[in-house]
Amino acid sequence: MDRILISGGNRLTGKVKISAAKNSVLPIIAASLLCPFECKLEGIPFLDDVFVICDVLRSIGSEISLNKKSNKIIIKSDNISTIEPPYELVRKMRASFLVIGPLLSRFGRCRISLPGGCNIGTRPIDLHLKGFSALGAEVRLGHGYVEASCKKLKGAKIYLDFPSVGATENIMMAATLSQGETIIENAAEEPEVVDLSNFLNSMGANIIGAGTDTIRIEGVKELKGTVHQVIPDRIEAGTYMVAAAITQGNVVVENIILEHIRPVIAKLQEAGITVIEEQNRVKVIAEDFPKSVDIKTLPYPGFPTDMQAQFMALMSIAKGTSIITETVFENRFMHVTELKRMGANIKIDGRSAVVEGVPRLTGAQVKATDLRAGAALVLAGLVADGKTEISDIHHLDRGYVNIVEKLQSLGADIQRVES
Ligand SMILES: CC(=O)N[C@H]1[C@@H](OP(=O)(O)OP(=O)(O)OC[C@H]2O[C@@H](n3ccc(=O)[nH]c3=O)[C@H](O)[C@@H]2O)O[C@H](CO)[C@@H](O)[C@@H]1O
Ligand SMILES: C=C(OP(=O)(O)O)C(=O)O
């Protein structure tokens, strides 16, 4: 298992270019199953999760070519041989469950293993299934599988009890080839939902309202192939912004959509960090320790849960006490124990963590328990005294393109060692 070694203390300076969004590219690759024609995706981040979703599609008959030099993927699904992706692949990644909407919509059937929970929460899929049932599908659960089938999906009004990103995306994809109009109320408003809607519309779907809490989908008979450029990853961007802040650095974060990172910019500014906005980049300059700020994670446009762990690393060296409240996932504080091993002073009180800033963190052997927990430990390691060794870094490979090389280019003393 590979590890990351960091010698903390270097001030980060320079420029870093953000890759395309993992959480956009995964549903978009799944959505390409909605038509038998070629879909070309540009600016693809070649991450482990992307390889997994490609393997899921290949396992049911899609042809996929990846061009790592030009960051492009071409997908053609004209020869789907089964509507049952294998358990061994699906269980590797929760986002695999996003193929059910497109397969149900195009072929009238899909059988897929239940995704199960993960380190950050139980993550049920009841809202996805309620949506499919409302569209007229018969949904059966048994032996660890979900099987959904229908003659033809019919448009319906669907109210989501919580604005789930995955449920909004799965239902939106299922509704594109249905009969009549579907309205999703209390829909997720995340930028990745908008990117998916843009992709589907460029295939010939008729979707309006993505990015608001009400999405209307008028079903169409068929979809065509398309070319699409995936949006930049706002969470990767936020992570490098915190890297600049935590090391009292001066970093230009390039290839971003400012609108998508407003909550992160606002909280950094509140913490006393200078953030200079330019057209598609931000300059983050920190000359002192941050001030403590309180954080509450919320669905977009609130503060993203996927940035909570990284902000906790920043707050662990802040001046004062910060209260970080996680409202989206019920178990997303696994990084606390590891940050405490590095000298952070954090207490968990229900859904909140009380973080009392300390003047310095100390390098230690720690373990990445999930993707963003891993990112938080890298950030803590960048500022800690001495050496930090992070194990279980396969989590980081799910979501950060070349994180070690990008941080090295900013002056960090970081390396990946194979063992
Ligand atoms: C691949 C991807 O895009 N992942 C993102 C997506 O995950 P994902 O789509 O899984 O997250 P959801 O928005 O669905 O989950 C949010 C909350 O809703 C609950 N819920 C969800 C569905 C359901 O049927 N029932 C239910 O109760 C979940 O348990 C969780 O507590 O959005 C999350 C919230 O912004 C992010 O942290 C993830 O990075
Ligand atoms: C939780 C995340 O991803 P996933 O939903 O794929 O587990 C994440 O990107 O932080």
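Residues numbered from 1 in each chain as written. Chains lettered and ligands numbered in written order. Predicted model: local features only at pLDDT ≥ 70, side-chain atom pairs only at ≥ 80, totals over all residues.

A. Region of the structure containing the site of ligand 2. Taken together, Asn23, Arg94, Ala95, Ile120, Asp306, Leu371, Arg372 and Gly399 make up the full set of residues adjacent to ligand 2. Looking at which domains feed residues into the shell around ligand 2, each of domain 1 (3–18 + 232–417) and domain 2 (22–229) supplies at least three. (Near = placed C-beta within 6 Å. Domains from an automatic or database assignment.)

B. Just unusual backbone geometry, in detail. Omega for the peptide link from Tyr300 to Pro301 comes to 10°, which places this bond in the cis form. By secondary structure assignment, the location of Pro301 is in the loop between β17 (295–296) and α10 (308–315). If you check the backbone angles, Arg123 has positive phi at about 50° while not being a glycine. Tracing the backbone through its elements, the reader meets Arg123 in the loop between β6 (109–113) and α5 (126–134). Despite not being glycine, Asn255 shows a phi value in the positive range, around 65°. By the C-beta count within 10 Å, which is 17 here, Asn255 ends up partly exposed. (Helix = DSSP H or I, 4+ residues; strand = E, 2+ residues; numbered from the N terminus. Buried ≥ 20, exposed ≤ 12 C-beta atoms within 10 Å, placed from the backbone.)

C. Fine view of the UniProt feature "binding site: phosphoenolpyruvate" (unreviewed entry) in the protein. Mapped onto this numbering, the UniProt entry annotates "binding site: phosphoenolpyruvate" (unreviewed entry) at Lys22 and Asn23. With respect to the element layout, Lys22 can be found in helix α1 (residues 22–31). For Lys22, a count of 25 C-beta atoms within 10 Å puts it in the buried group. By the secondary structure assignment, Asn23 is in helix α1. According to the C-beta neighbour criterion, Asn23 is buried, with 25 such atoms within 10 Å. (UniProt positions renumbered as here; feature names shortened; annotations may be inferred.)

D. Just the nonpolar core, in detail. If you look at the biggest cluster of nonpolar residues, it comprises 141 residues, and the most contacted ones within it are Met241, Val284 and Leu379. Looking at which element gives the most residues to this core, the answer is helix α12 (residues 371–383), with ten residues. Composition of this core by domain shows at least three residues from each of domain 1 (3–18 + 232–417) and domain 2 (22–229). (Core = buried A, V, L, I, M, F, W, Y, C linked by C-beta atoms within 7 Å.)

E. Examining the site of ligand 1 more closely. In the neighbourhood of ligand 1, 22 residues make up the surrounding shell, with Asn23, Leu127, Ser164, Val165 and Gly166 lying closest. The set of elements that each furnish at least two residues to the shell around ligand 1 consists of α1, α5 and α6 (165–176). Split by residue class, the shell around ligand 1 holds eleven nonpolar, six polar and five charged. When residues of the shell around ligand 1 are sorted by domain, at least three fall in each of domain 1 (3–18 + 232–417) and domain 2 (22–229). (Nonpolar A, V, L, I, M, F, W, Y, C, P; charged D, E, K, R; others polar.)

F. Just the pairing of strand β16 (residues 281–285), in detail. Of the two faces of β16, only the one carrying Val282 and Val284 is buried; Arg281, Lys283 and Ile285 on the other face are not. The pairing of strand β14 (residues 250–254) with β16 spans five bridges and is antiparallel. When the bridges of β16 are listed, Val253 appears paired with Val282. Of the pairings in the sheet, the one linking strand β15 (residues 274–277) to β16 comprises four bridges and is antiparallel in character. Within β16, the residue paired with Ile276 across the bridge is Lys283. From the end of β15 to the start of β16, which pair antiparallel, there are three residues. (Pairing = 2+ DSSP bridges.)

G. Summary view of the domain arrangement of the protein. Taken domain by domain, the protein consists of domain 1 (3–18 + 232–417) and domain 2 (22–229). Distance from the C-alpha centre of domain 1 to the C-alpha centre of domain 2: 30 Å. Grouping the amino acids of the side of domain 1 that touches domain 2 by side-chain chemistry returns six nonpolar, four polar and seven charged.

H. Looking closely at the pairing of strand β10 (residues 181–185). With burial as the criterion, only one face of β10 is covered, namely that bearing Thr182 and Ile184; the residues Glu181, Ile183 and Glu185 on the opposite face remain uncovered. Bridge count between strand β9 (residues 157–159) and β10: three bridges; the pairing is parallel. By the bridge assignment for β10, Tyr159 is matched with Glu185. Between the parallel pair β9 and β10, the chain is carried across by α6, and the sense of this crossover is right-handed. (Right-handed = clockwise from strand over helix to strand, strands pointing away.)

I. Representation of the packing of helix α4 (residues 100–107) against α6 in the model. One way to put it is that α4 packs onto α6 with a least axis distance of 7 Å and a crossing angle of 15°. With respect to their mutual orientation, α4 and α6 come out roughly parallel. In the crossing of α4 with α6, the sense of the turn from one axis to the other is right-handed. In this structure, α4 uses Ile100, Gly101, Pro102, Leu104 and Ser105 to contact α6, whose residues at the interface are Asn170, Ile171, Met173, Ala174 and Thr176. Its residues placed into classes, the contact of α4 with α6 shows six nonpolar, four polar and no charged. (Axes fitted to C-alpha atoms, helices over the stretch in contact; angles between N-to-C directions. Parallel < 35°, antiparallel > 145°, perpendicular 65-115°, else oblique. Left-handed = near helix turned anticlockwise from the far one by under 90°. Contact = placed C-beta atoms within 7 Å.)

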